[in-house]
Amino acid sequence: MTPLLSVKDVAKYYGPHIGCTDVSFDLYPGEVMGIVGESGSGKSTLLNCLAGHLPADRGEVFFDTRVDGPRDTLKMREPERRLLGRTDWAFVHQHARDGLRMGVSAGGNVGERLMAVGARNYGDIRANAQDWLGRVEIDASRIDDRPTTFSGGMQQRLQIARNLVTGPRLVFMDEPTGGLDVSVQARLLDLLRGLVRDLGLSAIIVTHDLAVVRLLADRLMVMKSGHVVESGLTDQVLDDPQHAYTQLLVSSVLQV
């Protein structure tokens, strides 16, 4: 099977400081990869390089495009990469406000992404938006309300609807449950798990929360100081960590 995403020796530097370096992995269709590590470990830098938000200094990121097969997205022209970001890719920010138009209605936020890929029939766009609000457990009566009137958890669910409405094949998630109350996190995680399973999504999830990756991720990479220090099946890495840093991460959770 051809990997959906094939990452080879990706590196990003900030002057003499390492953002991330020599990162390589393959992600297959329908697979979820978790990336964990403490603040400053390089996990968000890596995610933003893969998603095209940051220019990598070295490496290759091959994505299996629908038309041309595997292409190195780091060498794509900017218009091509932007189109990919509206169609086959999606990015869920930690802070929903970074991924929403706060002055536009809930339905408008979802509809905008449909219009960006060519949808023009207002009735169809509104019906699609209403359907996706329901999928993320937002009452249809809120379709004309602005995100500013929503709770943090609802804003995050709206951001997810906005991202998934166009049927992307790969979703990048940067701390998707960060900053939410524990009860809200649990509801959001349950929703994400259902959507990933039902839609057959591939995803890369950056988080510091090991409970998030245990619930959502098939495989796990542990990062420290910009390097991948351990990787493998999620349960295997968490239940039998080999690297001293991974052991410390796991033990710190167990002691809480």
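Here, the structure is the one placed above.
Here's a quick rundown of the structure.

Reading guide: rules and limits
- Residues numbered from 1 in each chain as written.
- Predicted model: local features only at pLDDT ≥ 70, side-chain atom pairs only at ≥ 80, totals over all residues.
- Heavy atoms only, no water.
- Helix = DSSP H or I, 4+ residues; strand = E, 2+ residues; numbered from the N terminus.
- Rg over C-alpha atoms; globule rule 2.2 N^0.38 Å.
- Contact = heavy atoms within 4.5 Å.
- Areas by Shrake-Rupley, 256 points an atom, 1.4 Å probe, with all protein chains shown as cover.
- Lys, Arg positive; Asp, Glu negative; His and termini not counted.
- Charge placed at Lys NZ, Arg CZ, Asp CG, Glu CD.
- Axes fitted to C-alpha atoms, helices over the stretch in contact; angles between N-to-C directions.
- Parallel < 35°, antiparallel > 145°, perpendicular 65-115°, else oblique.
- Left-handed = near helix turned anticlockwise from the far one by under 90°.
- Pairing = 2+ DSSP bridges.

This part is about the overall build of the protein. When its secondary structure is counted, the protein shows nine helices and 10 strands. For 256 residues, the compact-globule estimate of 2.2 N^0.38 gives 18 Å, and the protein sits close to it at 18 Å. Dimensions of the protein, computed from C-alpha atoms along their principal axes, come out at roughly 55 × 45 × 35 Å. Counting contacts in the protein only where the partners sit at least 6 residues apart, residues at least 24 apart contribute 67% of the total. As displayed, the protein has an accessible area near 12,000 Å², and 49% of this comes from carbon and sulfur atoms. On the protein, the mean spot of the 28 positive side-chain charges and the mean spot of the 32 negative ones are 6 Å from each other.

Contact pair helix 3 (residues 106-116) / helix 5 (residues 152-164): the axes reach a minimum separation of 7 Å and the direction vectors enclose 25°. Looking at the two axes, helix 3 sits roughly parallel to helix 5. Handedness of the helix 3/helix 5 crossing: right-handed. Together, Ala106, Asn109, Val110, Glu112 and Arg113 of helix 3 and Leu158, Ala161, Arg162 and Asn163 of helix 5 make up the contact between the two elements.

Strand order across the open sheet formed by six strands is 6-7-8-3-9-10, with mixed pairing between neighbours. With partners counted over all chains shown, the strands left at the sheet margins are strand 6 (89-92) and strand 10 (227-233), one partner each. Direction aside, the axes of adjacent strands within the sheet are offset by 15° on average. Where strand 3 (residues 32-36) lies against strand 8 (residues 202-207), five bridges are found, and the strand directions are parallel. Bridge pairing in strand 8 links valine 36 to threonine 207. Helix 1 (residues 43-50) rests against strand 3, strand 6, strand 7 (170-174), strand 8 and strand 9 (219-224) of the sheet, and its axis sits at about 150° to strand 8.

Without other data, these values stay purely geometric and don't point to any function.
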